[in-house]
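Spelled out from the first residue to the last, the chains are:
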Amino acid sequence: MNTETHTSESPDSKWIAYGREVGALLSSSTAESWTSELWTMFSGFMLAQNEMGRSANLSNTYFSFKELLEFFEKVEGIRKGE
């Protein structure tokens, strides 16, 4: 049985919807504030590693964190018109 639904939504409309969601998220704070908060969260996570024990996914967490930082750097560049 095929339960997939077919939509007539174009790929462009999906990108526009993603853009709106990202815009809404970013409008709640500056890219600089998001970056600062990310550092706070990641620092707390790293400090907690001593109590929780080392995570097998630590490298994945680091690279996800790095990608988020790069995203906010690009967003800041776009905001500044770079």
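You'll find the structure just up there.
Described below are features of the structure shown in this document. Everything numeric in this text was worked out from a predicted model, so none of it was measured. (Residues numbered from 1 in each chain as written. Predicted model: local features only at pLDDT ≥ 70, side-chain atom pairs only at ≥ 80, totals over all residues. Heavy atoms only, no water.)

### Re the overall build of the chain
Here is step 1: Assigned secondary structure in the chain consists of 3 helices and 0 strands.
Here is step 2: Mapped in sequence order, the helices and strands of the chain form the string α-α-α.
Here is step 3: Scored against the burial criterion, the 82 residues of the chain give a buried share of 13%.
Here is step 4: Here the chain displays about 7000 Å² of accessible surface, and carbon together with sulfur accounts for 57% of that area. (Helix = DSSP H or I, 4+ residues; strand = E, 2+ residues; numbered from the N terminus. Buried < 20%, exposed > 50% of the residue type's maximum accessible area, 1.4 Å probe, protein only. Areas by Shrake-Rupley, 256 points an atom, 1.4 Å probe, with all protein chains shown as cover.)

### Re the side chain of Glu76
Here is step 1: In this structure, Glu76 sits in helix H3 (residues 58-80).
Here is step 2: Under the relative-accessibility criterion, Glu76 is labelled buried at 16%.
Here is step 3: Apart from the residues lying within four places of it in its own chain, the contact partners of Glu76 are Ala31 and Glu32. (Contact = heavy atoms within 4.5 Å.)

### Thoughts on the nonpolar core
Here is step 1: Leu26, Ala31, Leu38, Phe42, Phe65, Leu69, Phe72 and Val75 form the largest nonpolar core, which has 8 residues in total.
Here is step 2: The set of elements that each furnish at least two residues to this core consists of helix H2 (31-52) and H3.
Here is step 3: Among the elements that take part in this core, H3 stands out by supplying 4 residues, more than any other. (Core = buried A, V, L, I, M, F, W, Y, C linked by side-chain atoms within 4.5 Å.)

### Some thoughts on the packing of aromatic side chains
Here is step 1: Using the criterion set out here, one finds 8 aromatic pairs in the structure.
Here is step 2: Ring plane angle 35° and centroid distance 6.3 Å describe the contact between Phe42 and Phe45, whose orientation is recorded as tilted. Of this pair, Phe42 and Phe45 both sit in helix H2, separated by 3 residues, roughly a single helical turn.
Here is step 3: Here Phe42 falls in the buried class, since its relative accessible area comes to 12%.
Here is step 4: Centroid distance Phe42 to Tyr62: 6.4 Å. Interplanar angle 55°. Geometry classified as tilted. (Phe/Tyr/Trp six-rings, centres within 6.5 Å; stacked < 30°, edge-to-face > 60°.)

### Some points on H2
Here is step 1: Given a rise of 1.5 Å per residue, 22 residues ought to cover 32 Å, and the 30 Å separating the end C-alpha atoms of H2 matches this to within 8%.
Here is step 2: Burial in H2 covers these residues: Ala31, Leu38, Phe42 and Gln49.
Here is step 3: In this structure, the buried side of H2 is in contact with H3. (Expected span 1.5 Å × (residues − 1).)

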